[in-house]
Amino acid sequence: HTHTHKGVGDTFGTCFGPLSRNRQFGYRLGQGDTMEEILASTTEVAEGVDTSKALVKMIRKEFNGYRLDLKYPILFGVAAILEGTKTPLEGLNDLMTIPMRRESFDESKWF
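This report concerns the structure included in the present document.

The rules behind these values
- Residues numbered from 1 in each chain as written.
- Predicted model: local features only at pLDDT ≥ 70, side-chain atom pairs only at ≥ 80, totals over all residues.
- Heavy atoms only, no water.
- Helix = DSSP H or I, 4+ residues; strand = E, 2+ residues; numbered from the N terminus.
- Buried < 20%, exposed > 50% of the residue type's maximum accessible area, 1.4 Å probe, protein only.
- Contact = heavy atoms within 4.5 Å.
- Areas by Shrake-Rupley, 256 points an atom, 1.4 Å probe, with all protein chains shown as cover.
- Axes fitted to C-alpha atoms, helices over the stretch in contact; angles between N-to-C directions.
- Left-handed = near helix turned anticlockwise from the far one by under 90°.
- Salt bridge = Lys/Arg side-chain N within 4 Å of Asp/Glu carboxyl O.
- Core = buried A, V, L, I, M, F, W, Y, C linked by side-chain atoms within 4.5 Å.
- Polar contact = N/O pair within 3.5 Å; in protein donor to acceptor, adjacent residues only side chain to side chain.

Focus on the overall build of the protein
Then comes step 1: Tallying secondary structure elements over the protein gives seven helices and zero strands in all.
Then comes step 2: The secondary structure elements of the protein, listed N-terminal to C-terminal, are α-α-α-α-α-α-α.
Then comes step 3: For the protein, with 111 residues in total, the buried portion stands at 18%.
Then comes step 4: For the protein, contacts bridging at least 24 residues in sequence account for 37% of all contacts bridging at least 6.
Then comes step 5: As displayed, the protein offers around 9100 Å² of accessible surface, 58% of which is attributable to carbon and sulfur atoms.

Shown next, in the form of structure tokens:
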């Protein structure tokens with residue numbers, strides 16, 4: 001299989017670009033605005049909001065596993081912040097205190 005860096009520029013732009021709707025949404029969450037307040041104050045779409053909620057829903061439906069939040073900590077942390085069950089600071093603290101462990105990627109399941 002050929003592995004390329006397609007999409008890396010888009011990812012960097014989304015994460016770091018000052019005009020990124022997803023970045024602006026996250027910045028406002030970090031400033032204390034709620035998801036509802038942000039959505040009510042703009043006509044622009046931050047695709048990551050619906051995408052993260054849909055992914056969490058799909059993972060919970062498709063994968064039977066214990067503590068999926070430990071397997072997908074960033075995704076589940078973002079969803080909890082969007083749902084208002086965690087503050088951005090709590091989400092960050094959760095990520096920073098996850099015990100270190102070896103990770104592996106079974107390429108045969110994806111390609």
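Now that the structure has been shown, we can carry on.
So, the packing of helix 4 (residues 47–62) against helix 6 (residues 73–83)
Then comes step 1: Between helix 4 and helix 6, whose axes approach to 9 Å, the crossing angle comes to 115 degrees. Relative to helix 6, the crossing made by helix 4 is left-handed. Contacts from V49, S52, K53, L55, V56, I59 and R60 in helix 4 reach L75, F76, V78, A79, L82 and E83 in helix 6.

So, the pattern of salt bridges
Then comes step 1: Scanning all chains against the criterion turns up three salt bridges.
Then comes step 2: The partner of R28 in a salt bridge is D33, with the nearest N and O atoms 2.9 Å apart.
Then comes step 3: Under the relative-accessibility criterion, R28 is labelled partly exposed at 26%.
Then comes step 4: For D33, a relative accessible area of 25% gives the class partly exposed.
Then comes step 5: Measuring nitrogen to oxygen at the nearest pair gives 2.3 Å for the salt bridge that ties D94 to K86.

What to know about the side chain of S52
Then comes step 1: As for its position among the elements, S52 is in helix 4.
Then comes step 2: Given the relative accessible area of 6%, S52 is considered buried.
Then comes step 3: Apart from residues lying up to four places away in sequence, S52 is in contact with L75, V78 and L82.

Things to note about the nonpolar core
Then comes step 1: F25, L29, M35, I38, A46, V49, I81 and L82 together form the largest nonpolar core, which totals eight residues.
Then comes step 2: At the level of secondary structure, the elements contributing two or more residues to this core comprise helix 2 (21–30), helix 3 (35–40) and helix 6.
Then comes step 3: Apart from the residues within four sequence positions on either side, F25 is in contact with M35, I38, L39, A46, V49 and L82.
Then comes step 4: V56, I59, L68 and L75 belong to the second largest nonpolar core, which has six residues in total.

Re the environment of T42
Then comes step 1: Here T42 lies in the loop between helix 3 and helix 4.
Then comes step 2: Expressed as a C-alpha distance, the spacing of T42 and F25, which sit 17 residues apart in the sequence, is 9.9 Å.
Then comes step 3: Here E44 takes part through its backbone nitrogen, which lies 3.1 Å from a polar atom of the side chain of T42.

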